[in-house]
Every structure is written in C-alpha cells, then in structure tokens.
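Chain by chain, the residues:
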Amino acid sequence: MKTLKTISKSLMVVAVVAFAMCLTSCKKKPAEDIAGTYTGSVKQTVASSDTTYTGLSVTLTATSDDVVTIEWPSIGVGRMAASALSIPNVKVTKESKGSYTLEEADVDVTTEKGTNYKGKVKGSVKDDVLSIDLTVTPGAMPMSINYLFESTK
C-alpha cells in the first residue's frame, strides 16, 4: 500500500512538471503572435496633401521572440511612387490580451533602386487590427512623407 502511494505521488509530480513544461513551450512569443499579412488602407500625407490607397498589404515577419521585420508595400504612381521597404528590427511588446506595441524604431533603408529612406516607424496590433505610423524622407526630398496604415489580418 505504501508503494502504491509513493507511485501515485511520483506520477502526480511528473504530470505537474510535464504540464508546466507544455505551458511554457507551447506559449507563443509576441512577434509570433502578430506575424502575418494584414490588408487595409494607407493614408499618405505629403506637405498638406492627403491621398488614401486601399487594398494594400503589410507583412510582419517574426525574426526573434520579440522582433519583427515590416514588409511595407510600394505606394503611389509616377513621380509620387514610393518603393517597397523592408524595415528590420522593430521590437514588439505584449501589453495585454490581444494588444501589442510596435515600439518606435529608426528607419534607414536603401531600396533596390538605390534610394535611401530615413525616418521613424511605430505601431500597434489590437484584436488583429494593425496600425502603423511611418514617417520617412526618401533620398534628397526636402520634406517627409507620413503614412498611416490600418488593417485587419
């Protein structure tokens, strides 16, 4: 009888340890939680002129537990066209259930065409809605361009 109690206790300890290990290893990391493609609209502001583009997609790719790369689409046409951008090293913080912050990060990206974009990016994800505020100055342009993106996954 004493052996049966010892075996039962041992099995209980093993079950608790296994359950705890599963909880920690099965838990997603913040970057993985929000990784994916989001489609929505972008409001572009240059000086005091606004243009809205719809049906654009932004992809967040987890590069570590709490860091994503933002794949930003090309926007606009003709002389006002902006190249697609790959913005690395954007830190993700989990705020509360279903809420994440993309912490403000510097943008310093050179496109395939050789244009350098410098600026800042920040954003959030709440209930699968991605909001990004991106302000960049392409090349020698004398003013910055602000993009506000909002979409769902």
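What counts, and at which threshold
Residues numbered from 1 in each chain as written. Predicted model: local features only at pLDDT ≥ 70, side-chain atom pairs only at ≥ 80, totals over all residues. Heavy atoms only, no water. Helix = DSSP H or I, 4+ residues; strand = E, 2+ residues; numbered from the N terminus. Buried < 20%, exposed > 50% of the residue type's maximum accessible area, 1.4 Å probe, protein only. Contact = heavy atoms within 4.5 Å. Areas by Shrake-Rupley, 256 points an atom, 1.4 Å probe, with all protein chains shown as cover. Core = buried A, V, L, I, M, F, W, Y, C linked by side-chain atoms within 4.5 Å. Phe/Tyr/Trp six-rings, centres within 6.5 Å; stacked < 30°, edge-to-face > 60°. Pairing = 2+ DSSP bridges. Axes fitted to C-alpha atoms, helices over the stretch in contact; angles between N-to-C directions. Salt bridge = Lys/Arg side-chain N within 4 Å of Asp/Glu carboxyl O. pLDDT = per-residue confidence, 0-100.

A few points about the overall build of the chain
- Scanning the chain from N- to C-terminus turns up two helices and eight strands.
- For the chain, the proportion of its 153 residues judged to be buried stands at 30%.
- Taking the contacts inside the chain whose residues are at least 6 apart along the sequence as the reference set, 39% of them involve residues at least 24 apart.
- Looking at the chain as shown, the accessible area adds up to about 9,400 Å², and 57% of this sits on carbon and sulfur atoms.

Thoughts on the nonpolar core
- If you look at the biggest cluster of nonpolar residues, it comprises 32 residues, and the most contacted ones within it are W72, I132 and L134.
- Looking at this core element by element, the count peaks at five residues for strand β5 (residues 99–110).
- Dropping the residues within four chain positions of it, L134 is found in contact with W72, L85, I87, V107, K120, V121, I145, N146 and Y147.

As for the packing of aromatic side chains
- On inspection of all chains with the given rule, the structure shows two aromatic pairs.
- For the pair W72 and F149, a centre-to-centre distance of 5.8 Å together with 70 degrees between the ring planes defines the contact as edge-to-face. Residue W72 is found in strand β3 (residues 67–72), and its partner F149 is found in strand β8 (residues 145–152); the two are separated by 77 residues along the sequence. Accessibility assignment for this pair places W72 and F149 in one class, buried.
- Taken together, the ring pairs connect W72, Y147 and F149 into an aromatic cluster.

Overview of the sheet that holds β8
- On the basis of which strands lie adjacent, the closed barrel formed by eight strands has the order β1-β2-β3-β4-β5-β6-β7-β8 and antiparallel pairing. Strand-to-strand twist in this sheet, taken as the mean axis angle between neighbours without regard to direction, amounts to 25 degrees.
- Of the strand pairs in this sheet, β3 and strand β4 (residues 85–96) are connected by five bridges, and their pairing is antiparallel. By the bridge assignment, V67 is partnered in β4 with K91.

So, the pairing of β4
- As defined by bridge partners, β4 adjoins β5 across four bridges and the pair is classed as antiparallel. Bridge pairing in β5 links K94 to Y100.

What about the pattern of salt bridges?
- Considering all chains together, one arrives at three salt bridges under this definition.
- The salt bridge partner of D66 is K91, with a shortest N-O separation of 2.4 Å. Pair noted here: D66 is in the loop between β2 (49–64) and β3 and K91 is in strand β4, with a separation of 25 residues, a long-range link.
- Classification of K91 by relative accessible area gives partly exposed; the value is 35%.

Some details on the environment of S96
- Residue position: S96 is located in strand β4.
- S96 sits 30 residues away from K126 along the chain, and the two C-alpha atoms are 9.1 Å apart.

What about the confidence of the model for the chain?
- This prediction gives the chain a mean pLDDT of 87; 82% of its residues lie at or above 70.
- Mean pLDDT across the elements of the chain bottoms out in helix α1 (residues 2–26) (51) and peaks in β3 (98).
- Across residues 14–18, where pLDDT falls below 50, the model places zero contacts with residues more than four positions away in sequence or in other chains.
- Across residues 20–26 the pLDDT falls below 50, and counting only partners more than four positions away or on other chains, this stretch makes one contact in the model.

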